[in-house]
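Descriptive analysis of the structure
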Amino acid sequence: MTNIAIIGSGPSGCYIADMLAKKLKDAQVDVFDRLPTPFGLVRAGVAPDHQGTKNIVRQLERTFARENVRFVGNVHIGTDITYQELKDNYDVVAVTIGAVKDRVLGIPGDQLEGIYGSGEFVAWYNGHPDKADLQPKLDGSGIAIIGNGNVALDIARVIAKTPSELSSSDITANAAAAINKAPVQDIYLIGRRGPLEASFTNMELSEFAELESCVTLVDPDQIPAALPDDFDPRSANTVNQNLETLRAYSANSADSKPIRLHIMFCASPVEISETDGHVSGLKLEKNRMVEGRAESTGEYFELDVQTVISAIGYQSEPIEGMPFDHSRSIVSNEDGRVEQNVYTSGWCKRGPQGVIPANRAEAMTVAKQIISDLDANSEASTKPGFDQIAALLDKRHVRSVSYADWQIINNAEIERAEGDKPREKFTRVDEMLALLD
Ligand code: NAP
């Protein structure tokens, strides 16, 4: 028997588990997660109104239907079980812990109340237990969202949607109520570079055209007439579509709907101002683009905002004892190999870039590498696997959550959902565990 441990039950972890369980008939694959709920970013990162993307869960569920795959939820590797203990008890360890920590803006005022990282904001409206109590301050008329990626668009869209537009999403009732109550009138989406360099994709940008109560505005002078001749052909299609969508938005009338989304380019945040400890404005410096790079111009302007959300990317967090590249905030690795018998894949391997299908492709490569390394090693396994871990958990009074337990939580969430909502998430670990007693 080959005992394999995977840390993290997001898409990367599930895809590796699935392939190893399928190809290695004598393997037992144990997927650990610090939460009682599986599926990582699909549950807590994908936008609650993107249920089509969340449906990928159907595919991931099939992994846990395999006889030789075990879900071990509510077990924090690094706290409940150490990384060393995992290595001591498993033949192979795969680290797929994603990247959940927000990068910080690093400008004066960025620690004020009313400033949030996209990770925590998204975790809040998606019901992640770590951020259930965030209660972001949304009591002003202006909100700035920094960044030109799909996460920034997700946040702008969720804030701009009406209750009826969110009614078939799985946003938590608490977050939906807070967003509905917020007196927001102007949302500013701010990119430090231009439309040619924005990393959002066209499907996500186009969704704003359909919003009931929010009109999207862009300064037509910020939209280039065409792509430069030497533009990277791999992104030409998406960027051309984006320019077309932006041109359509630039013709919109500002007073056509009660909320305005202002898409602004070539501006870097330089300072967040405060009044009585609360955010009262955002100072930005205009940039000019030089060969794809943003260069500052020394010209400044200020936005009247009371909340700032930075959607500027994520970082992985080290687990004690695990080789970690602090300069890049990823698990140290060479093509997915971390150290003897330890592998990594996904955002913690290469940084927070790429959609779920890209992570699947990478997970397949890493799983193949694991299989080939196991094939090359003729020594029989002597590692005890989960029995020893279960004994440690018992001794430490850690209540692990099995896949059958998760199904009880899952069913309870589905049952208590009202109206068109697919589920009403439990946002506290205690609430989830109480269902299992
Ligand atoms: P992203 O696409 O890398 O966007 C990050 C943005 O932050 C960029 O516009 C970047 O600008 C900007 N930025 C970074 N540091 C900054 C600073 N100090 N000041 C101002 N701006 C700064 O990352 P993401 O939006 O977090 O998304 C992560 C991944 O998930 C992406 O691959 C994304 O496509 C994917 N995702 C997909 C979907 C979907 O398909 N619907 C939804 C959500 C996320 P520069 O370009 O100038 O660095």
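Structure: see above.
This is a predicted model, so every value here is computed, not measured.

**Some thoughts on the site of the ligand**
Near the ligand there are 19 residues, and of these Arg192, Arg193, Ser199, Gln353 and Gly354 occur at the shortest range. In the model, an oxygen atom of the ligand is placed 2.6 Å from a nitrogen or oxygen of the glutamine 353 side chain. In the complex, 82% of the free accessible area of the ligand, which totals 920 Å², lies under the protein chains. Residue contributions to the shell around the ligand peak at 3 residues, all from helix α7 (residues 150-160). Along the lines of polarity and charge, the residues of the shell around the ligand split into 7 nonpolar, 7 polar and 5 charged.

**A look at the sheet that holds strand β7 (residues 142-146)**
With parallel pairing, the 6 strands of this open sheet are ordered in space as β6-β14-β7-β8-β10-β9. At either end of the open sheet lies a strand with only one pairing partner, and these are β6 (115-117) and β9 (214-218). With strand direction ignored, the average angle separating the axes of adjacent strands in the sheet is 20°. As judged from the 5 bridges shared by β9 and strand β10 (residues 259-264), these two strands associate in the parallel manner. By the bridge assignment for β10, valine 218 is matched with isoleucine 263. Lying on the sheet, α7 is in contact with β7, β8 (186-190), β9, β10 and β14 (307-310); it crosses β8 at an angle near 175°.

**As for the packing of helix α1 (residues 11-23) against helix α4 (residues 57-64)**
Orientation of α1 relative to α4, taken along the N-to-C sense of each, is 45°, at an axis distance of 9 Å. Put simply, α1 runs oblique to α4. Seen along the crossing, α1 lies across α4 with a hand that is left-handed. Where α1 approaches α4, its residues Pro11, Cys14, Tyr15, Ala17 and Asp18 are matched on the opposing element by Gln59, Leu60, Arg62, Thr63 and Phe64. Taken together, the residues of the contact of α1 with α4 sort by class into 6 nonpolar, 2 polar and 2 charged.

**Comments concerning the sheet that holds strand β2 (residues 27-32)**
Within the open sheet, the 6 strands sit side by side as β3-β2-β1-β4-β19-β18. Their pairing is mixed. The open sheet is flanked by β3 (69-72) and β18 (337-339), the only strands paired with a single partner. On average, each strand axis in the sheet is tilted by 25° relative to the strand beside it, whichever way the strands run. Here strand β1 (residues 2-7) pairs with strand β4 (residues 92-95) via 4 bridges, running parallel. Residue pairing across strands places isoleucine 6 opposite alanine 94, the latter belonging to β4.

**Some remarks on the environment of alanine 132**
Topologically, alanine 132 is positioned in the loop between α6 (118-125) and β7. Residues alanine 132 and lysine 286 lie 154 residues apart in sequence; the distance between their C-alpha atoms is 36 Å. If near-sequence neighbours (up to four positions away) are discounted, alanine 132 is found in contact with Trp124, Asn174, Thr427 and Arg428.

**Brief notes about the state of the cysteines**
Scanning the entire structure with this criterion turns up 0 disulfides. Of the cysteine sulfurs around cysteine 14, a residue in no disulfide, the closest is that of cysteine 348, at 14 Å. For cysteine 348, a relative accessible area of 0% gives the class buried.

**Regarding the nonpolar core**
With 46 residues, the main nonpolar core has Phe121, Tyr125, Ile145, Ile187, Leu189 and Ile263 as its most contacted residues. Only α6, β7, α7, α9 (173-181), β8, β9, α11 (233-250) and β10 provide two or more residues apiece to this core. The dominant element in this core, judged by the number of residues it contributes, is α7, at 7 residues. In this structure isoleucine 145 touches Ala152, Ile155, Ala156, Ile187, Tyr188, Leu189, Ile190, Ile309 and Ala311, once residues within four positions along its chain are discounted. Membership of the second largest hydrophobic core comes to 40 residues, among which are Tyr15, Ala17, Val69 and Ala367.

What counts and how
- Per chain, the residues get numbers from 1 upward, laid out in the order the sequence is written.
- Residues qualify for local features only when their pLDDT is at least 70, as the model is predicted, and side-chain atom pairs are given and counted only at 80 or more; totals for whole chains, interfaces and linings, by contrast, use all residues.
- Just so you know, side-chain values use all the structure's heavy atoms and leave hydrogens and water out.
- One heavy atom within 4 Å of a molecule or strand makes the whole residue count as near it.
- Contacts described as polar in this section are N or O atom pairs within 3.5 Å, which, within protein, must combine one atom able to donate a hydrogen with one able to accept it, while residues neighboring in sequence count only if both atoms come from side chains.
- All accessible-area figures derive from a Shrake-Rupley calculation using a 1.4 Å probe, and residue coverage is judged against the displayed protein chains alone.
- For helices the rule is a DSSP run of H or I covering at least 4 residues; for strands it is a run of E covering at least 2, with both sets numbered from the N terminus onward.
- Amino acid classes used here: Ala, Val, Leu, Ile, Met, Phe, Trp, Tyr, Cys and Pro are nonpolar; Asp, Glu, Lys and Arg are charged; the rest, including Gly, are polar.
- Should DSSP find at least two bridges between two strands, the strands are regarded as paired.
- Only the stretch in contact is used when fitting a helix axis, every axis being a line fitted to C-alpha atoms; angles between N-to-C directions are given from 0 to 180 degrees.
- Residue contacts are defined here by distance: any two heavy atoms, one from each residue, within 4.5 Å place the two residues in contact.
- Angles are sorted into four bins: roughly parallel if under 35 degrees, roughly antiparallel if over 145, roughly perpendicular if 65 to 115, and oblique for all others.
- For any pair of crossing helices, the crossing counts as left-handed if the nearer helix is rotated counterclockwise from the farther one by less than a right angle, and right-handed if it is rotated clockwise.
- Two cysteine sulfur atoms make up a disulfide if the distance between them is within 2.5 Å.
- For each residue, the accessible area found with a 1.4 Å probe, counting protein chains only, is set against the maximum for its type, and the residue is called buried under 20%, exposed over 50%, and partly exposed in between.
- To form a nonpolar core, buried Ala, Val, Leu, Ile, Met, Phe, Trp, Tyr and Cys residues must be joined to one another through side-chain atoms within 4.5 Å.

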